[in-house]
Amino acid sequence: MSGQKSFEILQKIFSPKNPEDIKNIKGYTMKYGHIMDGEEIVDEVLVSYFKEPNSYTTENMCEINSHGGNIIVKKILELCLKNGAELAEAGEFTKRAFLNGRIDLVQAESVIDLINSKSQREAKTGVEQLEGKLSSKIKEIKQEILDTLVNIEVSIDYPEYDVPETDNLQTAQMLESVSQKLIKLENSFDNGKIIKNGIKTAIIGKPNAGKSSLLNAILNENRAIVTEYEGTTRDTIEEMVNIGGIPINLIDTAGIRDTEDYVEKIGISKSKKMAEDADLIIAIFDSSKELEKEDLGILEIIKNKKSIILLNKIDLENKISENEERLKSASKNILKISALNKTGLEELEEKITELFNLNEINLNDDLIVTNIRHKNLITQAIKNAGDAKKALDEKMPLDIVTIFIKNIISCMDEITGEVATEEIINEIFSKFCLGK
Ligand code: GDP
């Protein structure tokens, strides 16, 4: 429970072993006792006390630790509600922490990212943002703008004094410096996207090339059904693996081939679509057979995409050479593997790491923007910095220049939530789960 009345409500339902006046109970302490429904004991519990302003929400808070289980927890919840508490909305605790000024919007958003993180690297970015790493960068940029803006405003307020050229120079320099910082943040989003969403990897190949076997070999478990019949993988199977702390989404597509079968047709168009959307395509070929028409179609799909060609089944007699021109013209990355014997998988991991500079992402401790809302506002800010620079170069009146400069500040404020609208705030917190 959080809020003014939380201790008062608690008192009505909690009977501590050693009762004490709430005034004398220190924050960050626990008390042992019973939750009571009138005379009836509901559960034996520990209650933690947090006193304002030193709590998650900055309000008076208490947490009841019961033995758990559906019935007991529901009963305790009902007792709280009956005695004056209201059910929290999704994300309400974090929302209060934000509205009460303990954390900014970036930090609140990082709480969701942290909870939802799928890899260690993503969790690390979440923690960094919760600790305020991105927020302080944004504030630093804002301060840099404000320092210059003060001078410009003076010039506007006292037009009788000529604006010294040095002021314009200072403004231009500020815009340049701010743009560079913002562009660096904007560029980090590509890595941020990878950290957050993983590398979308489509595995394509004609039926029986060994797609499911590859997936299984990578996952080391039998999630996909390996079969000797053609085209059983009618829909797609998605799995997530971690390479160097980065999530890789592997999508096994239906075999690409000409077919009259309706269900398979859906699968095939899905394969092509999937390949279009993917960050990486792994095209797999059965090297124990000559290249066929369908293989050539696959080579066509991967042209101009980030791709890796796998010549599978190297344990069998080889009918396709890695020096084959048709392969080389479709992709620079050709590896030989045996999905069955699990050979060549390490080289595949190394290749993916190399293609996406994953080592760099891991070592690089730079700030990373992972949130599309932040990224869009940064892009907007960069545009305004450009417009301000242009207005300055074209010797437009200073109040026009300041409009663009103030827009940059608005973008920064919207990121941290200083001026975010209620609509935006509600949308952000609606993504939270209950009790957070
Ligand atoms: P998919 O239709 O592309 O998903 O192909 P599967 O993974 O179902 O494999 C088709 C057949 O090829 C199965 O019988 C697999 O056991 C076999 N297979 C897959 N990889 C290899 C390999 O590296 N060597 C050999 N000899 N057989 C393989």
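Rules and cut-offs
- Residues numbered from 1 in each chain as written.
- Predicted model: local features only at pLDDT ≥ 70, side-chain atom pairs only at ≥ 80, totals over all residues.
- Heavy atoms only, no water.
- Buried < 20%, exposed > 50% of the residue type's maximum accessible area, 1.4 Å probe, protein only.
- Helix = DSSP H or I, 4+ residues; strand = E, 2+ residues; numbered from the N terminus.
- Arc of directions from axis to C-beta.
- Contact = heavy atoms within 4.5 Å.
- Pairing = 2+ DSSP bridges.
- Near = heavy atom within 4 Å.
- Polar contact = N/O pair within 3.5 Å; in protein donor to acceptor, adjacent residues only side chain to side chain.
- Areas by Shrake-Rupley, 256 points an atom, 1.4 Å probe, with all protein chains shown as cover.

Draft legend 1. Here's a closer look at helix α10 (residues 293-302). Listed as buried for α10 are D295, I298, L299 and I302. Taken down its axis, α10 places every buried residue within 100° of arc, on the same side. Exposed side of α10, more than 90 degrees from the buried face: K293 and E300 are the residues found there. Where α10 is buried, its residues contact β5 (199-204), β8 (280-286), β9 (307-312) and α11 (325-328).

Draft legend 2. Molecular detail of the pairing of strand β3 (residues 40-50). Where strand β2 (residues 29-37) and β3 come together, nine bridges link them in antiparallel fashion. Bridge pairing in β3 links M36 to I41. Between β2 and the antiparallel strand that follows it, β3, lie two residues; G38 among them carries a positive phi value of about 65°. Taken together, the five bridges between β3 and strand β4 (residues 61-65) define a ladder with antiparallel strand orientation. By the bridge assignment for β4, Y49 is matched with C62.

Draft legend 3. Region of the structure containing the environment of S110. Structurally, the position occupied by S110 is in helix α4 (residues 105-116). In this structure, the C-alpha to C-alpha distance between S110 and N371, residues 261 residues apart in sequence, is 8.9 Å. What S110 contacts, discounting residues up to four positions off in sequence, is G126, Q129 and L130.

Draft legend 4. The site of the ligand, seen in detail. Close to the ligand lie 18 residues, the nearest being N208, K211, S212, S213 and D315. The contact in question runs from an oxygen atom of the ligand to an N or O atom on the side chain of N312, over 3.1 Å. Between the ligand and A339 there is a distance of 3.0 Å, counted from an oxygen atom to a backbone nitrogen or oxygen. Protein coverage of the free-state accessible area of the ligand, which is 580 Å², stands at 88%. Here the shell around the ligand takes three residues from helix α8 (residues 211-219), the largest share from any one element.

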